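# Residue-level structure breakdown
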Amino acid sequence: MTDRYAVLGNPIGHSKSPLIHGLFAQATGQDIAYTAIETPLDGFKDTVLAFRASGGRGLNVSLPFKLQAYEIATEPSERARLAGAANCLKFDGDRILADNFDGVGLVNDLQRNLGCPLAGKRVLLLGAGGATRGALLPIAAERPALLSVANRTADKAHALRHDFAAHTPLQTGGYETLVGQAFDVVINATSTGLTQEALPLPAGVFAPGAIAYEMVYGKGLTPFLKQAQVAGVSTVADGVGMLIEQAAEAFAWWRGVRPDTRAVIQQLTVPLA
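So, here's what we can say about the structure. (Residues numbered from 1 in each chain as written. Predicted model: local features only at pLDDT ≥ 70, side-chain atom pairs only at ≥ 80, totals over all residues. Heavy atoms only, no water.)

With that out of the way, let us pick up the sheet that holds strand β4 (residues 75-76). On the basis of which strands lie adjacent, the open sheet formed by six strands has the order β2-β1-β3-β5-β6-β4 and mixed pairing. This sheet does not close on itself; its edge strands, each paired only once, are β2 (32-38) and β4. Of the strand pairs in this sheet, strand β5 (residues 88-92) and strand β6 (residues 95-99) are connected by five bridges, and their pairing is antiparallel. In the strand pairing of β6, D92 is matched with R95. (Pairing = 2+ DSSP bridges. Helix = DSSP H or I, 4+ residues; strand = E, 2+ residues; numbered from the N terminus.)

For strand β3 (residues 58-61) and β5, the ladder comprises three bridges, and the chain directions are antiparallel. Within β5, the residue paired with G58 across the bridge is K90. Counted between consecutive antiparallel strands, the loop separating β5 from β6 contains two residues, among which G93 sits at a positive phi close to 65°.

Applying the stated criterion across every chain yields a total of six aromatic pairs. Pairing F24 with F251 gives two aromatic rings, centres 5.7 Å apart and planes at 70°, and the pair type is edge-to-face. Placement of the pair is F24 in helix α1 (residues 17-28) and F251 in helix α10 (residues 240-255), with a sequence separation of 227 residues. Given a relative accessible area of 0%, F251 falls into the buried group. Both rings, one in F206 and one in F224, keep their centres 6.1 Å apart while their planes meet at 45°; by these two values the pair is tilted. Remark: F224 occurs in helix α9 (residues 223-230) and F206 occurs in strand β11 (residues 206-214); sequence separation between them is 18 residues. (Phe/Tyr/Trp six-rings, centres within 6.5 Å; stacked < 30°, edge-to-face > 60°. Buried < 20%, exposed > 50% of the residue type's maximum accessible area, 1.4 Å probe, protein only.)

The next subject is α9. An α-helical segment advances 3.6 residues per turn. Residues three or four places apart therefore align on the same side. Buried within α9 we find P223, F224, L225 and A228. Its buried side turned inward, α9 meets β7 (122-126), β10 (183-188), β11 and β12 (235-237). Backbone geometry just downstream of α9 places G232 in the positive-phi region, at approximately 95°. (Contact = heavy atoms within 4.5 Å.)

Any link to function would need more than the numbers given here.
Take a look at the structure:
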């Protein structure tokens, strides 16, 4: 019997998740059907419960429902709890399990696909929203030499230092606190890749040999990536690998087999220009 999965979002027509999971299923011999469901902004809970009642096995959750996905869960993971958001649900009887694989996907893409081990590196996350919250624990687990968060509103960054104090030390502040500092890995976790807005990054923030990573994908050279190139950064990447790696984690959680991601990343990667 074919097991049913889906991704919920609004809008969702642009989602590559059905293609990605279809390729995973084909490669691993898993009998699943995976669809995209445009979910009313006021109808997330009803859509989730109806999908489960119809025999659905699990869901990926896209914007703007990741906070609601966490709230509906009966058993959220520690990653989801600290992020306050979930991007994946699994149904087991009356239990709704939730996890957040975005940060794991980011770390896997950086280390496995881009050849950038995080151990001993100085890592900077730009932005203090849900994307950064989801990334902090997986990055911290790789033991960077420094993990820093900068945000336009410094208090929001400082709140993360408090919330994650039991798990990892964080350097936090506004963008002006970055003056005189240089980082080996700089990750844009803000929404500026979508708005095409430049960030107020001081000169010298990119260390020699640094990598600049834009979580947004499919937008070409965003202002952040252009800033990095002007600063002499030769290795720039967008979030398509992160998208596919987090999907692989969800697939493994649901199906018990982790698909190889290399061929799918190669198929979906668009040259940055």
